[in-house]
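Residues per chain, in single letters:
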Amino acid sequence: MALSNELTRALGIEHPIISAGMGGEAGPALAAAVSNAGALGTMGTIGLPPAKVRESIAACRDLTSRPWGVNVITFDWAPFASEIVTAAIEERVPVITLSFGDPVPALRRCQDAGIPTLVQVQDFPTAKAVLAARPTAIVVQGSEAGGHTGQRSTLSFAAQVLDAADGVPVIVAGGVGNGRGLAAALAMGAAGVVMGTRFKASDEATGSAALKAGIAASDGENTLQGDVFDAPYPINWPAGIVGRALRSSFSEEWTGRETELKARAAAMPPFGLVMELNSNPETQINWAGESAGVVNDVLPAAEIVRRTVVEAEALIARLTAVHA
Ligand SMILES: Cc1cc2nc3c(=O)[nH]c(=O)nc-3n(C[C@H](O)[C@H](O)[C@H](O)COP(=O)(O)O)c2cc1C
């Protein structure tokens, strides 16, 4: 059975699975491995100067002839966001994904350039504005997700956006770590899934072995959505957007003392405290979502795609058999 649908046809891929463009974790190797396996791999760009983004784009092109994407964080603070969109358009990347803040101006630029664009949203008002602009697909991100998210839970938010989508394909993000999540998304009428945490624990992701092992070891109970993780960074995320990561001795020590932590970070050079935290595996922030509970191993990205598809196909066949 093939899981092809309007999304796979629009993007020129085989499987309705997208690896998240995870800033600092998803480079050309991961994006290309996912795309070579028939899904859509996406590179993260947060904090990268546009020249570096262009280098990553060239590297990804060398590694795959299949479609892949570049993610751009579109909120006011985000460094280089507009220039990265320009670079992605000028380089004619196959797909662009946008997320956070007001993504509509960047969406319009991508649409004017004729580049398929997926827009990830965290709240319903933004979902409505994005749907009105009719992207290639809208990605509904629930707060179970790893990294930065809004406050809506995946299931009810996705159902609401599906009701409002008016023909725009809907993709589910947040809490999907295996074929069960993909089957559930497709069963509710979505066109596919974005998976971040699962692909962070892949051979090709750029994070350290310790970070990947932390996700594989997690039973899903030890994630925390908390301001403590952003306090060391000189970045102001939009209101309501909070990071989710694995709890650690760092989060235990500083939760409730975020103001003090921010003051400490402000007294150091930009990113100084982040670098200090990252130099110790005990305190390094391991951005990850609740789907860590179904991630029990570090695998090649192609194997993640294969297992997810096989498991979803079996579950969907069971659903169909029940109704036959
Ligand atoms: C380590 C990590 C980094 C992320 N970085 C980004 C990013 O740079 N841009 C973005 O749009 N989303 C980012 N996300 C969120 C993903 O786009 C996606 O919504 C999320 O991973 C889905 O939930 P899951 O982690 O349960 O699969 C990140 C997620 C993780 C786990």
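Residues numbered from 1 in each chain as written. Predicted model: local features only at pLDDT ≥ 70, side-chain atom pairs only at ≥ 80, totals over all residues. Heavy atoms only, no water.

Draft legend 1. Fine view of the site of the ligand. Neighbouring residues of the ligand: 24 residues in total, closest Asn71, Gln141, Gly175, Gly196 and Thr197. Residue Gly23 places a main-chain N or O atom 2.9 Å away from an oxygen atom belonging to the ligand. One of the backbone N or O atoms of Gly175 is found 2.9 Å from an oxygen atom in the ligand. For the ligand, whose unbound accessible area comes to 590 Å², protein coverage reaches 96%. Looking at the shell around the ligand, the elements with two or more residues in it are strand S3 (68-73) and helix H9 (197-200). (Near = heavy atom within 4 Å. Polar contact = N/O pair within 3.5 Å; in protein donor to acceptor, adjacent residues only side chain to side chain. Areas by Shrake-Rupley, 256 points an atom, 1.4 Å probe, with all protein chains shown as cover. Helix = DSSP H or I, 4+ residues; strand = E, 2+ residues; numbered from the N terminus.)

Draft legend 2. Quick look at the packing of helix H6 (residues 124-133) against helix H7 (residues 154-164). Remark: H6 packs on H7, axes separated minimally by 11 Å, with the N-to-C direction vectors making an angle of 30 degrees. As summarised for this structure, H6 and H7 are arranged roughly parallel, according to the angle between their axes. Judged by the sense of rotation from one axis to the other, the crossing of H6 with H7 is right-handed. Contacts between H6 and H7 involve Phe124, Ala127 and Leu131 from the first element and Phe157, Gln160, Val161 and Ala164 from the second. Tallied by class, residues from the contact of H6 with H7 come to 6 nonpolar, 1 polar and no charged. (Axes fitted to C-alpha atoms, helices over the stretch in contact; angles between N-to-C directions. Parallel < 35°, antiparallel > 145°, perpendicular 65-115°, else oblique. Left-handed = near helix turned anticlockwise from the far one by under 90°. Contact = heavy atoms within 4.5 Å. Nonpolar A, V, L, I, M, F, W, Y, C, P; charged D, E, K, R; others polar.)

Draft legend 3. Inspection of the packing of helix H3 (residues 50-63) against helix H4 (residues 81-90) at higher detail. Relative to each other, H3 and H4 sit at 30 degrees, their axes nearing to 9 Å. In terms of orientation, H3 lies roughly parallel with respect to H4. In terms of crossing hand, the pair formed by H3 and H4 is right-handed. For the pair H3 and H4, the contacting residues are Pro50, Val53, Arg54 and Ile57 in the first and Glu83, Ile84, Ala87, Ala88 and Glu90 in the second.

Draft legend 4. View of the packing of aromatic side chains. If you walk through the whole model with that rule in mind, you get 5 aromatic pairs. Measuring from centroid to centroid gives 5.0 Å for Phe100 and Trp237, while their planes differ by 85 degrees, and the two rings are edge-to-face. Here the residue Phe100 occupies a position in the loop between strand S4 (95-99) and helix H5 (104-112), and Trp237 occupies one in the loop between strand S10 (223-225) and strand S11 (242-246), the gap between them amounting to 137 residues. Each ring, one from Phe229 and one from Trp287, has its centre 5.9 Å from the other, and the planes form 65 degrees; the classification is edge-to-face. Pair noted here: Phe229 is in the loop between S10 and S11 and Trp287 is in the loop between helix H13 (272-278) and helix H14 (301-323), with a separation of 58 residues, a long-range link. Accessibility expressed as a relative area gives 0% for Phe229, which makes it buried. (Phe/Tyr/Trp six-rings, centres within 6.5 Å; stacked < 30°, edge-to-face > 60°. Buried < 20%, exposed > 50% of the residue type's maximum accessible area, 1.4 Å probe, protein only.)

That is the geometry; function is a separate question.
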